[in-house]
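Survey of secondary and tertiary structure
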Amino acid sequence: MGTGFRVMSFNIRHYWADDGENSWDRRSQALIQVLRRNQTEVICFQEVNYPIFEFLAKALPGYEVASDLKSQGPRWEYRPIYVKKPIRILEKETLSLSDTPQVPSKSWGSTFIRQVTRVLLEMDGAALAVYNTHLDFEEEVQLNQAKVIWKTVQAKDKNRPVILCGDFNSTPDKKDYGFLTGKGDLGEGTGDFKDSMAGQEANTYHGFKAGLRVGYIDWILYRGPGLYLVQPVQTIEDKPWGRFPSDHYPVVAAFGLPGKIKSA
């Protein structure tokens, strides 16, 4: 028997950002409402800071979190993955998207230390790897960071179903998307991810400004044996009490997975 589940990717905006009317204190309850209205089995957050973990624990009862929970200071960005019980977390790790992935580090002129959180889950006897990331800003840097992710997938989860979520700070016409999906003239060794978005005209970033369209920069990609798309990505544009919960829209996709996929 197979398993159906939903995945959300959501950049919730740093709590310390000076956003005036859209500051964390003013929008945090709207965020809770959006999560309650759009419940999923897996949630990949970006721009989570250490003081927010307690808030999310209260907002998401019944979930287990996979993240490096060591405090690196109040402004350090975490990319936690929240998993609804009884889904089991078998493995979890955090890697830097750099020449030295095992330690917090940056390479290729990246503005910030960028990382990826990886978890291996068990759902009704089937194994699923989920990756959650947030890439830097320049196209060549993004490409190199995407290559670290793909190298990790090939080393750890080559023959498993994999879902890759995140804020990629780029649109599908850029090199990192082409590399991860095997499209474009980027040579051999590119990825084989599929996009869960039905059309790439979507907009996932608004910057707290109605009508602002930066484009489709928050992705949910998938690959591997048995994993299939049930419902393409939906952009959640809820504004509880007229308040944006973040400067990004959360995106949600639904998948199906047959049982007993175990091989690495």
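It should be noted that the structure appears before, not after, this text.
The structure reproduced in this document is the subject of the present report. Because the structure is predicted, anything quoted here is derived from the model rather than measured.

Here we come to the packing of aromatic side chains. If you walk through the whole model with that rule in mind, you get 15 aromatic pairs. Note on F53 and Y78: the rings are 5.2 Å apart at their centroids and 75 degrees apart in plane angle, and the pair reads as edge-to-face. Pair noted here: F53 is in helix α2 (residues 52-59) and Y78 is in the loop between β3 (63-66) and β4 (81-84), with a separation of 25 residues, a long-range link. Like F53, the residue Y78 is buried in the burial classification. An angle of 85 degrees between the planes, with centres 5.0 Å apart, marks the rings of Y177 and W219 as edge-to-face. You can see Y177 sitting in helix α4 (residues 175-181) and its partner W219 sitting in strand β10 (residues 218-223), a full 42 residues away along the chain. Y177 gets classed as buried once you look at its relative accessible area, which sits at 3%. A residue is classified by how much of its surface remains accessible, and W219, at 0% relative accessible area, is buried.

Pairing within the open sheet is mixed, and its six strands lie in the order β3-β4-β2-β1-β12-β11. Each edge of the sheet is formed by a strand with only one pairing partner; in this case those strands are β3 and β11 (228-235). Each neighbouring strand pair of the sheet contributes to a mean axis angle of 20 degrees, computed without reference to strand direction.

Pairing of strand β2 (residues 42-46) with β4, which is carried by three bridges, proceeds in the antiparallel orientation. Counterpart to I43 in the pairing with β4 is Y82. Sheet topology note: the β3/β4 ladder contains four bridges and is antiparallel. Considered in β4, the bridge of E64 is made with V83.

Now for the sheet that holds strand β8 (residues 162-167). Strand order in the open sheet made by the six strands is β5-β6-β7-β8-β10-β9, with mixed pairing throughout. The open sheet has two free edges, formed respectively by β5 (88-96) and β9 (194-195), since each of these has just one partner strand. Of the strand pairs in this sheet, β9 and β10 are connected by two bridges, and their pairing is antiparallel. Bridge pairing in β10 places K194 opposite Y222. Along the sheet, helix α3 (residues 139-156) makes contact with β5, β6 (115-123), β7 (126-134), β8 and β10, crossing β7 at roughly 165 degrees.

The next subject is the nonpolar core. By size, the foremost hydrophobic cluster in this structure holds 51 residues, and its most contacted members are F5, L121, I163, L180, I220 and F255. If near-sequence neighbours (up to four positions away) are discounted, F5 is found in contact with E41, M123, L128, I163, L227, A253, A254, F255 and L257. One finds V34, L56, W76 and Y78 within the second-largest nonpolar core, a separate group that totals 23 residues.

The subject of this paragraph is the environment of S9. Relative to the helices and strands, S9 is located in strand β1 (residues 3-11). Assessed through its relative accessible area of 1%, S9 is described here as buried. Considered as a pair, S9 and G199 are 190 residues apart in the sequence and their alpha carbons are 17 Å apart. For S9, the residues in contact, after removing those within four places along its chain, are C44, Q46, C165, G166, W219, I220, P250 and V251. Within the local environment of S9, its side chain forms a polar contact with the backbone nitrogen of G166, the two atoms lying 3.4 Å apart.

Rules behind the numbers
Residues numbered from 1 in each chain as written. Predicted model: local features only at pLDDT ≥ 70, side-chain atom pairs only at ≥ 80, totals over all residues. Heavy atoms only, no water. Phe/Tyr/Trp six-rings, centres within 6.5 Å; stacked < 30°, edge-to-face > 60°. Helix = DSSP H or I, 4+ residues; strand = E, 2+ residues; numbered from the N terminus. Buried < 20%, exposed > 50% of the residue type's maximum accessible area, 1.4 Å probe, protein only. Pairing = 2+ DSSP bridges. Axes fitted to C-alpha atoms, helices over the stretch in contact; angles between N-to-C directions. Contact = heavy atoms within 4.5 Å. Core = buried A, V, L, I, M, F, W, Y, C linked by side-chain atoms within 4.5 Å. Polar contact = N/O pair within 3.5 Å; in protein donor to acceptor, adjacent residues only side chain to side chain.

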